[in-house]
Amino acid sequence: MTVTSVVGLQWGDEAKGKIVDILTDSHQIVVRYQGGNNAGHTVKFDGQTYKLSLLPTGILRPGVKAVIGNGLVVNPEALLKEIKSLTDRGVPISGENLMVSDRAHVILPYHIVEDAVYEKRRGAEAIGTTGRGIGTCYRDKALRSHAVRIGDLYHPESFRSRLTDIVAAKNLMLKALDPEFVALDADAIFKSYIAYAEQIKPFVTDTTAWLHRAVKSGANLLFEGAQGSLLDVDHGTFPYATSSNSSSAGIHSGSGVTELEIHRMIGVVKAYTTRVGGGPFPTELHDAIGQHIRDVGHEYGTVTGRPRRCGWFDGVATAYGARVCGVDEIAVMLLDVLAQLDEVCICEAYDIRGERTTDFPSHVEDLAVAKPIFRRIPGWKQDITGARKLSDLPSGARRYVDSISELMDLPVKFISIGPDREQSILL
Ligand code: IMP
């Protein structure tokens, strides 16, 4: 039995989908443990491009079971749309290959409205959320009184009465926060959610018990992280973070499988850095190089289409992300994107108010004033998308990868030099 975890070490969008897709050859079960339809995974499979948001990447592989664990927040309407978009393209989805935890929390229409209202009120300090009601649903989970779990949808009487109370409270709060808010109708929400519940019923189960049995039977499990460690609500750049434990910290709470079962923790990094939404980003490039990386790397959000902020690889932030996750090995993605640059830079330390440090600051105001201290490496200026082994890479590219490994104090075991499966170097 092998239990593997794939986790992003930056601010998300590290191209984890490609690694998960490759690993599904040797794993029968792929589990998501946190987040919701704020995530975006682009996977090329059988010559086709798929954009997944809530569904685990494993859903694309015949024979693989995909699990949406208890730690997720599920928008049933979005789930049904995503299922339909895949089944329309011939991907079979049934209760045989998709399981949704009855303990997962439900995103309701008011969560999306509240997300927008809170963002608007923050003005220039907006978090830059995906607007999917993720944070407001997690807040209600923690609050409990306003929470609805998937399992509650199958107890219609108590669901109706609780929803009536919740919507009354939400209408009062939202009207006070936003005079333009139009009150929501509890009855209409109830009816549509009961209909969604019926449609998702074949997938809904106690995934925790199911996973415990799978572990006991020796199945190979793969945990698929969404977002990245630096967006983790506890360990990331709070408050410019998502609202779940998007580092490996979320695996146990979000699936019921303990970290003691995990044999291999793969940390995925981009060869540079990107971030969507607000928050400090010490190595951000506001110049033509940043735009070049954005264009060559197609750095536009899978979910929202927003241009991603781009910058140099940040060895301080990423090494911190790896420590938080307990990573064993690194996968370096999108190295090909840097191929045409005259010079590439890697941040090896920060200068914070005149002091050199390799510690990642806990407060965003300290991170905001951190000046990156760069290691400069001459560019290799050649196409590397045809490389299949380390020795095919030009010496500059190898030096670059070695520097990442050295700064993170971890071995690089995988290099991606293009979107296709074959465009990979295994070390
Ligand atoms: P939320 O998760 O929608 O609340 O957004 C909070 C922060 O996380 C924002 O900066 C988002 O841009 C960011 N975020 C959420 N999901 C992703 C993702 O899949 N990739 C990158 N950033 C994300």
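Refer to the structure presented above.
Everything numeric in this text was worked out from a predicted model, so none of it was measured.

Asker: Tell me about the side chain of Arg 308, and name the residues and values.
Answerer: With respect to the element layout, Arg 308 can be found in the loop between helix 9 (288-296) and strand 13 (309-311). Engagement of the side chain of Arg 308 in a polar contact is seen with the side chain of Asp 13, the distance being 3.2 Å. A polar side-chain atom of Arg 308 sits 2.7 Å from a polar atom in the side chain of Glu 299. Excluding anything up to four places from it in sequence, Arg 308 contacts Asp 13, Lys 270, Thr 274, Arg 275, Val 276, Arg 294, His 298, Glu 299, Tyr 300, Gly 301 and Thr 302.

Asker: Can you lay out the nonpolar core for me, pointing to particular residues and giving the numbers?
Answerer: Formed by 68 residues in total, the largest nonpolar core has its most connected members in Leu 221, Leu 335 and Tyr 400. Among the elements that take part in this core, helix 12 (residues 395-408) stands out by supplying five residues, more than any other. Contacts of Leu 335, omitting those with residues within four sequence positions, involve Ala 271, Trp 380, Ile 384, Leu 393, Ala 397, Tyr 400, Val 401, Ile 415, Ser 416 and Ile 417.

Asker: With reference to specific residues and values, describe the packing of aromatic side chains.
Answerer: For the structure shown, the criterion picks out seven aromatic pairs. Measuring from ring centre to ring centre gives 6.5 Å for Tyr 350 and Phe 360, while their planes differ by 45°; the resulting arrangement is tilted. Of the two residues, Tyr 350 sits in strand 16 (residues 343-352) while Phe 360 sits in the loop between strand 17 (355-357) and helix 11 (364-368), which places them ten residues apart along the sequence. For the pair formed by Tyr 350 and Phe 360, the shared burial category is buried.

Asker: Outline the site of the ligand, supporting the account with residue identities and numerical values.
Answerer: Close contacts around the ligand come from 16 residues, with Asn 38, Thr 130, Thr 242, Val 276 and Arg 306 the closest. Asn 38 has a polar side-chain atom sitting 2.9 Å from an oxygen atom of the ligand. Between the ligand and Thr 242, the relevant distance is 2.6 Å, taken from an oxygen atom to a side-chain nitrogen or oxygen of the residue. Calculation on the ligand without its partners gives an accessible area of 470 Å², and the protein chains cover 96% of this total. Along the lines of polarity and charge, the residues of the shell around the ligand split into six nonpolar, eight polar and two charged.

Asker: An account of helix 5 (residues 156-177) is needed here, citing residue identities and associated values.
Answerer: The end-to-end C-alpha distance of helix 5, which contains 22 residues, comes to 30 Å, matching closely the 32 Å that a straight helix rising 1.5 Å per residue would cover. Turning to helix 5, its buried residues number three or more, namely Phe 159, Leu 163, Ile 166, Val 167, Lys 170, Asn 171 and Leu 174. Considered in projection along helix 5, the buried side chains sweep an arc of 150° and stay on one side of the axis. Facing away from the buried surface of helix 5 by more than 90 degrees, the exposed residues are Glu 157, Asp 165, Leu 172 and Ala 176. For helix 5, the elements touching its buried residues are helix 3 (109-122), helix 4 (134-143) and helix 6 (186-200).

Asker: Lay out unusual backbone geometry with the relevant residues and their values.
Answerer: Leave glycine aside and you will find that most residues have negative phi; peptide bonds, for their part, are mostly trans. In the segment running from Phe 238 into Pro 239, the intervening peptide bond is cis, with an omega of 5°. Assignment of secondary structure puts Pro 239 in the loop between strand 10 (221-224) and helix 8 (250-255). Backbone geometry at Gln 227 places phi at a positive 55°, although glycine is not the residue there. Tracing the chain through its elements places Gln 227 in the loop between strand 10 and helix 8. Not every positive phi belongs to a glycine, and Leu 334 is a case in point at roughly 60°.

Asker: Please provide a residue-by-residue account of the sheet that holds strand 15 (residues 329-333), values included.
Answerer: If you trace the ten strands from one edge of the open sheet to the other, you get 9-7-5-2-10-1-11-15-19-20, paired in mixed fashion. If you trace the sheet from one side to the other, it starts and ends with strand 9 (204-205) and strand 20 (424-426), each paired once. Helix 7 (residues 207-216) contacts strand 2 (29-32), strand 5 (65-68), strand 7 (98-101), strand 9 and strand 10 of the sheet and is inclined by roughly 135° relative to strand 5.

Asker: Describe the pattern of salt bridges, naming the residues involved and giving the relevant values.
Answerer: If you walk through the whole model with that rule in mind, you get 27 salt bridges. Of the charged contacts, one joins Asp 25 and Arg 61 as a salt bridge, the two residues approaching to 3.3 Å between their closest N and O atoms. Of the two residues, Asp 25 is situated in the loop between helix 1 (16-23) and strand 2 and Arg 61 in the loop between strand 4 (48-52) and strand 5; the sequence distance between them amounts to 36 residues. Residues Asp 152 and Arg 162 are paired through a salt bridge, measuring 3.2 Å at the closest nitrogen-oxygen approach. Note that Asp 152 is positioned in the loop between helix 4 and helix 5 and Arg 162 in helix 5, a separation of ten residues in sequence. With a relative accessible area of 29%, Arg 162 lands in the partly exposed category. A single network of salt bridges, built from pairs that share partners, joins Asp 13, Lys 270, Glu 299 and Arg 308.

Rules behind the numbers
Residues numbered from 1 in each chain as written. Predicted model: local features only at pLDDT ≥ 70, side-chain atom pairs only at ≥ 80, totals over all residues. Heavy atoms only, no water. Helix = DSSP H or I, 4+ residues; strand = E, 2+ residues; numbered from the N terminus. Polar contact = N/O pair within 3.5 Å; in protein donor to acceptor, adjacent residues only side chain to side chain. Contact = heavy atoms within 4.5 Å. Core = buried A, V, L, I, M, F, W, Y, C linked by side-chain atoms within 4.5 Å. Buried < 20%, exposed > 50% of the residue type's maximum accessible area, 1.4 Å probe, protein only. Phe/Tyr/Trp six-rings, centres within 6.5 Å; stacked < 30°, edge-to-face > 60°. Near = heavy atom within 4 Å. Areas by Shrake-Rupley, 256 points an atom, 1.4 Å probe, with all protein chains shown as cover. Nonpolar A, V, L, I, M, F, W, Y, C, P; charged D, E, K, R; others polar. Expected span 1.5 Å × (residues − 1). Arc of directions from axis to C-beta. Pairing = 2+ DSSP bridges. Axes fitted to C-alpha atoms, helices over the stretch in contact; angles between N-to-C directions. Salt bridge = Lys/Arg side-chain N within 4 Å of Asp/Glu carboxyl O.

Remember that the coordinates give geometry; whether it matters functionally is a separate question.
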